[in-house]
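Structural overview
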Amino acid sequence: DTAVSQTPKYLVTQMGNDKSIKCEQNLGHDTMYWYKQDSKKFLKIMFSYNNKELIINETVPNRFSPKSPDKAHLNLHINSLELGDSAVYFCASSPWTGRNTGELFFGEGSRLTVL
Amino acid sequence: TQLLEQSPQFLSIQEGENLTVYCNSSSVFSSLQWYRQEPGEGPVLLVTVVTGGEVKKLKRLTFQFGDARKDSSLHITAAQPGDTGLYLCAGPVSYNTDKLIFGTGTRLQVFP
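Quick caveat: nothing in here was measured; it's all calculated off a predicted structure. (Residues numbered from 1 in each chain as written. Chains lettered and ligands numbered in written order. Predicted model: local features only at pLDDT ≥ 70, side-chain atom pairs only at ≥ 80, totals over all residues. Heavy atoms only, no water.)

**Here's the deal with the sheet that holds strand β7 (residues 61-65) of chain B**
Residues and elements named next belong to chain B.
- In space, the five strands of this open sheet follow the order β1-β3-β8-β7-β6, with antiparallel pairing throughout. Looking at the sheet topology across the chains shown, the edges are occupied by β1 (5-7) and β6 (55-58). This sheet shows a mean twist of 15° between the axes of neighbouring strands, independent of strand direction.
- Where β1 meets strand β3 (residues 19-24), three bridges bridge the pair, whose relative direction is antiparallel. By the bridge assignment, Ser-7 is partnered in β3 with Tyr-22. (Pairing = 2+ DSSP bridges. Helix = DSSP H or I, 4+ residues; strand = E, 2+ residues; numbered from the N terminus. Axes fitted to C-alpha atoms, helices over the stretch in contact; angles between N-to-C directions.)

Written as structure tokens, this is what we have:
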């Protein structure tokens, strides 16, 4: 039983297209995240949601729009894809309580390649 | 801007050797975490250190949090091919936040 699952695992698309990545967690956590890992393996937070409410929104272009229909799901939609969007996108969840940093549980990642 | 710099960036060693990976910052962290990421997978938490000077052991892996809580180290004894992966340290940007910043990473390859 996969704890944090994201689809698709691979995504190859042309510049200018719109694409979505879906994420689901069955851990019962209230907090979910999107992270971006670049070609140098640097991992940076993009968004976090707590019980469907947006908590963190880093300096991310407006073309990226997260959506959380319920606390077990956090999807990422990207409009007008650019070459620089090519990266591995990781979904994660956490039992963060607001008082200390909890463990992050990551999905397997979605590798996006923009041609 | 808080930064977590890891060294070395790359490490290739033979099975059985010992190694140490460092995670350094000029900022104080309330805690630091260490993750290992294998190719095609997401990072997996190894340990969280909270108290300055704290030492935690996980089988052949020893983690230490600096006294001033600005740095941490990971020491692996008698490395095995199964230790191969990307090691990442991470810490919250401030107390009472879930926003983690990740280190620059150390790619370890252990040859049989």
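**Considerations on the nonpolar core**
- Leu-19, Trp-34, Phe-63, Leu-74, Ile-76 and Leu-108 of chain B are the most contacted members of the largest nonpolar core, which totals 23 residues.
- In terms of nonpolar packing, the next biggest core, distinct from the first, is built from 20 residues, Met-46, Leu-81, Ala-87 and Val-114 of chain A among them. (Core = buried A, V, L, I, M, F, W, Y, C linked by side-chain atoms within 4.5 Å. Buried < 20%, exposed > 50% of the residue type's maximum accessible area, 1.4 Å probe, protein only.)

**A look at the state of the cysteines**
All names here are of chain A.
- Following the criterion strictly, the structure yields two disulfides over all chains and no others.
- The disulfide bridge from Cys-23 ends at Cys-91, spanning 1.9 Å between sulfur atoms. With the S-S bond torsion at -75°, the cross-link from Cys-23 to Cys-91 turns out left-handed. Here the residue Cys-23 occupies a position in strand β3 (residues 19-25), and Cys-91 occupies one in strand β9 (residues 87-94), the gap between them amounting to 68 residues.
- Look at Cys-23 and you get buried, because its relative accessible area is 2%.
- We classify Cys-91 as buried; its relative accessible area is 0%. (Disulfide = S-S within 2.5 Å.)

**A look at the environment of Ser-12 of chain B**
Residue and element names in this part refer to chain B.
- Tracing the chain through its elements places Ser-12 in strand β2 (residues 10-14).
- Judged by its relative accessible area of 54%, Ser-12 is exposed.
- When the C-alpha positions of Ser-12 and Pro-92 are compared, they lie 30 Å apart, and in sequence the two are 80 residues distant.

**A closer look at the interface of chain B and chain A**
- Across the boundary between the two partners, chain B contributes 22 residues, which contact 25 residues of chain A.
- Both faces combined, the contact of chain B with chain A buries some 1900 Å², and carbon together with sulfur accounts for 53% of it.
- The largest contributions to the chain B side of the interface with chain A come from Asp-98, Lys-99 and Phe-102 of chain B, which together make up 31% of the buried area.
- Between chain B and chain A we count one salt bridge in total.
- The shortest N-O distance in the salt bridge between Lys-99 of chain B and Glu-58 of chain A comes to 2.8 Å.
- Between the two partners, chain B and chain A, sit four residue pairs in polar contact (both at pLDDT 80 or more).
- Broken down by secondary-structure element, the contributors of at least two residues to the side of chain B that touches chain A are β4 (32-37), β9 (85-92) and β10 (100-102) of chain B.
- Across the side of chain B that touches chain A, the residue classes tally to nine nonpolar, nine polar and four charged. (Contact = heavy atoms within 4.5 Å. Buried area = accessible area lost by both parts, 1.4 Å probe. Salt bridge = Lys/Arg side-chain N within 4 Å of Asp/Glu carboxyl O. Polar contact = N/O pair within 3.5 Å; in protein donor to acceptor, adjacent residues only side chain to side chain. Nonpolar A, V, L, I, M, F, W, Y, C, P; charged D, E, K, R; others polar.)

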